[in-house]
Amino acid sequence: MDNQHVDAWKEMIYPALKSKQEELEMLGYEQATPEEVWKCLSVKIWKGNPEKKLHEMVQDIFHLKSSVYLSYLTIQSYENDDLAASVEALLGNPENTEN
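Parameters and conventions
- Residues numbered from 1 in each chain as written.
- Predicted model: local features only at pLDDT ≥ 70, side-chain atom pairs only at ≥ 80, totals over all residues.
- Heavy atoms only, no water.
- Helix = DSSP H or I, 4+ residues; strand = E, 2+ residues; numbered from the N terminus.
- Buried < 20%, exposed > 50% of the residue type's maximum accessible area, 1.4 Å probe, protein only.
- Areas by Shrake-Rupley, 256 points an atom, 1.4 Å probe, with all protein chains shown as cover.
- Phe/Tyr/Trp six-rings, centres within 6.5 Å; stacked < 30°, edge-to-face > 60°.
- Salt bridge = Lys/Arg side-chain N within 4 Å of Asp/Glu carboxyl O.
- Contact = heavy atoms within 4.5 Å.
- Axes fitted to C-alpha atoms, helices over the stretch in contact; angles between N-to-C directions.
- Parallel < 35°, antiparallel > 145°, perpendicular 65-115°, else oblique.
- Nonpolar A, V, L, I, M, F, W, Y, C, P; charged D, E, K, R; others polar.
- pLDDT = per-residue confidence, 0-100.
- Arc of directions from axis to C-beta.

Asker: Tell me what's going on with the overall build of the protein chain, and back it up with residues and numbers.
Answerer: In terms of regular secondary structure, the protein chain is built from 4 helices and 2 strands. From first element to last, N terminus to C terminus, the protein chain shows the α and β order β-α-α-β-α-α. Sorting the 99 residues of the protein chain into buried and exposed places 23% on the buried side. Taken as a whole, the protein chain presents about 6900 Å² of accessible surface, with 53% of it coming from carbon and sulfur.

Shown next, in the form of structure tokens:
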């Protein structure tokens, strides 16, 4: 098969994403989903939606290390915390306000 942008392969490689999700669950990442695996690969491995062959995509999925997934989750957690803190600062939190 010819090269295509990684986004074009998403539906076709779903079984590989599901398999990686199940592997991550066995390693203790119970909240792992095929979509989260896809997002991790998009951020950590496939930056910029490059062109790849189907077998290269499947290889990337199966070679995704749990340490890379953990790093992705950690960064997402920090970004979500920063976003929550920013929203709280903009809106103000009446519980923390002194009278």
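Asker: Any chance you could break down unusual backbone geometry for me, citing the residues and the numbers?
Answerer: If you check the backbone angles, Asn49 has positive phi at about 55° while not being a glycine. Given a relative accessible area of 25%, Asn49 falls into the partly exposed group.

Asker: I'd love a proper account of the packing of aromatic side chains, names of residues and values included.
Answerer: Applying the stated criterion across every chain yields a total of 3 aromatic pairs. Between the aromatic rings of Tyr29 and Tyr69, the centroid separation amounts to 5.5 Å while the plane-to-plane angle is 85°, which identifies the pairing as edge-to-face. With Tyr29 in the loop between α1 (14-26) and α2 (34-44) and Tyr69 in helix α4 (residues 66-91), the pair connects residues that are 40 residues apart, well separated along the chain. The burial state of Tyr29 is the same as that of Tyr69; both residues are buried.

Asker: Explain the pattern of salt bridges to me, using residue names and the numbers behind them.
Answerer: Pairs can form between side chains of opposite charge whenever their charged atoms are close. Tallied over the entire structure, the rule returns 4 salt bridges. In this structure, Lys52 engages Asp60 in a salt bridge whose closest nitrogen and oxygen atoms are separated by 2.9 Å.

Asker: Describe the environment of Val6, with residues and values.
Answerer: Position of Val6 relative to the elements: it lies in the loop between β1 (4-5) and α1. A sequence separation of 43 residues divides Val6 from Asn49, and the C-alpha atoms of the two residues are 5.6 Å apart. With residues up to four places along the chain from it excluded, the contact list for Val6 reads Trp38, Trp46, Asn49, Pro50, Lys52 and Met57.

Asker: Could you give an account of the packing of α1 against α2, with specific residues and numbers?
Answerer: Contact geometry for α1 and α2: axes closest at 8 Å, N-to-C directions at 100°. Comparing the axis directions of α1 and α2 gives the class roughly perpendicular. Residues Tyr14, Leu17, Lys18, Lys20, Gln21 and Leu24 of α1 touch α2, and the partners they reach there are Pro34, Val37, Trp38 and Leu41. Counted by class, the contact of α1 with α2 contains 7 nonpolar, 1 polar and 2 charged residues.

Asker: Any details on the confidence of the model for the protein chain? Residues and values, ideally.
Answerer: Per-residue confidence for the protein chain gives a mean pLDDT of 86; residues scoring 70 or more make up 81%. Across the protein chain, the secondary-structure element scoring lowest on mean pLDDT is α4, at 78, and the one scoring highest is α1, at 97.

Asker: Residue-level account of helix α3 (residues 54-62), with values.
Answerer: Every buried residue of α3 is accounted for by Met57, Asp60 and Ile61. All buried residues of α3 fall inside an arc of 100° around its axis, so they share one side. Those residues of α3 that are buried are in contact with α1, α2 and β2 (51-52).

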